[in-house]
Amino acid sequence: LGTTGIVSGGHGSLVQFGFVPRDTSVAVNDLVTTSGIDPGIPHGLVIGLVNSIEEDENAPFLHLFVEPLADLQHVRMVGVIKSPSI
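Being a predicted model, the structure only gives us computed values, none of them experimental.

Participant: Hey, could you run me through the overall build of the protein in this one?
Facilitator: Counting its regular elements, the protein contains zero helices and five strands. Shown N-terminal to C-terminal, the secondary structure of the protein runs as helices and strands in the order β-β-β-β-β. In the protein, which comprises 86 residues, the proportion classed as buried is 21%. By element, 55% of the accessible surface of the protein is carried by carbon and sulfur atoms, the whole surface being about 6,300 Å².

Shown next as structure tokens:
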């Protein structure tokens, strides 16, 4: 998308991508990937596709709902990516 925000769960089969600036050019089916800003999470890991966009004219941010490309209903094990020790 070319922007940053915060992804959180708790929305059924979707995750919420919040704090996306209102002036961001975004559309349903756009690909969402990790930004690489957090040193422990590499840039470019695929999260999913934008499923819907909520916009409040009085708020400075958009709320995107993203459909993960992984089938999270059947995930039994999750890997954690850590940065190498220095």
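Participant: Would you take a moment to explain the nonpolar core for this structure?
Facilitator: Within soluble globular proteins, side chains that are nonpolar generally end up buried alongside one another. Among the nonpolar cores identified, the biggest contains nine residues, and these are Val15, Phe17, Val20, Val26, Val32, Val50, Leu62, Leu64 and Val66. Going through the elements one at a time, β2 (14-21) and β5 (61-68) are the ones with two or more residues in this core.

Participant: Would you mind showing me how to read the packing of aromatic side chains here?
Facilitator: Both the distance between ring centres and the angle between the ring planes are used here to describe each pair of aromatic rings. Tallied over the entire structure, the rule returns one aromatic pair. A ring pair is formed by Phe19 and Phe61, whose centres lie 5.4 Å apart and whose planes are at 75 degrees; its orientation type is edge-to-face. Residue Phe19 is located in strand β2, and its partner Phe61 is located in strand β5; the two are separated by 42 residues in the primary sequence. Its relative accessible area of 31% is what places Phe61 among the partly exposed residues.

Participant: Sorry, what's going on with the side chain of Thr24 here?
Facilitator: Along the chain, Thr24 falls in the loop between β2 and β3 (31-33). A distance of 2.8 Å separates a polar atom in the side chain of Thr24 from the backbone oxygen of Pro21.

Participant: What's the story with the pairing of strand β4 (residues 46-55) in this structure? I'm lost.
Facilitator: Two faces belong to every sheet, and in a regular strand the side chains alternate between them. Note that β3 and β4 share three bridges and pair antiparallel. Considered in β4, the bridge of Leu31 is made with Leu49. Alignment of β4 against β5, held across seven bridges, turns out to be antiparallel. Counterpart to Gly48 in the pairing with β5 is Pro68.

Participant: I tried to follow a nonpolar patch on the surface on my own but got confused; where do I start?
Facilitator: On the surface, Ile6, Phe19 and Phe61 cluster together into a nonpolar patch covering about 290 Å² of accessible area. On the basis of relative accessibility, which here comes to 48%, the residue Phe19 falls in the partly exposed class.

Participant: What am I meant to see in the pairing of β5 here?
Facilitator: Summarising the sheet, β2 and β5 pair through five bridges and their orientation is antiparallel. Paired with Phe17 across the two strands is Leu64, which belongs to β5.

Participant: Would you mind showing me how to read the sheet that holds strand β1 (residues 6-11) here?
Facilitator: Strand-to-strand pairing in sheets goes through backbone hydrogen bonds, with the strands running parallel or antiparallel. Taken together, the five strands give an open sheet; going across it, the order is β1-β2-β5-β4-β3, and neighbouring strands pair in antiparallel fashion. Each having just a single partner strand, β1 and β3 make up the two edges of the open sheet. Across this sheet, the average inter-strand angle for adjacent strands is 40 degrees, counted without regard to direction.

Each value, and the rule that gives it
- As a convention, each chain's residues are numbered from 1 in the sequence order in which they are written.
- The predicted nature of this model means local features are confined to residues of pLDDT at least 70 and side-chain atom pairs, given and counted, to a pLDDT of 80 or more, with totals for whole chains, interfaces and linings taken over all residues.
- Excluded from the side-chain calculations are hydrogens and water; all other atoms, namely the structure's heavy atoms, are used.
- Note on conventions: DSSP H or I runs of at least 4 residues are helices, E runs of at least 2 residues are strands, and numbering of each starts at the N terminus.
- Each residue is placed in one exposure class: buried if its accessible area under a 1.4 Å probe, protein chains only, is under 20% of its type's maximum, exposed if it is over 50%, and partly exposed if it falls in between.
- Here, Shrake-Rupley sampling with a 1.4 Å probe gives the accessible areas, and only protein chains in the shown set may cover a residue.
- Nonpolar cores were defined as sets of buried Ala, Val, Leu, Ile, Met, Phe, Trp, Tyr and Cys residues, with membership established by side-chain atoms within 4.5 Å.
- Stacked, tilted and edge-to-face pairs are distinguished by plane angle, under 30 degrees for stacked and over 60 for edge-to-face with tilted covering the rest, among Phe, Tyr and Trp rings (Trp via its six-membered ring) whose centres lie within 6.5 Å.
- Polar contacts, as used here, are pairs of N or O atoms within 3.5 Å; protein pairs need one atom able to donate a hydrogen and one able to accept it. Residues neighboring in sequence count only if both atoms are side-chain atoms.
- By the convention used here, strands pair only if DSSP detects at least 2 bridges between them.
- Patch membership requires over 30% relative accessible area and the absence of a salt bridge. Like charges are linked within 9 Å, and nonpolar side chains (Val, Leu, Ile, Met, Phe, Trp, Tyr) within 5 Å.
- Any Lys or Arg side-chain nitrogen located within 4 Å of an Asp or Glu carboxyl oxygen qualifies as a salt bridge.
- To obtain an axis, a line is fitted to C-alpha atoms, over the contacting stretch when the element is a helix, and the angle between two such axes runs from 0 to 180 degrees between their N-to-C directions.

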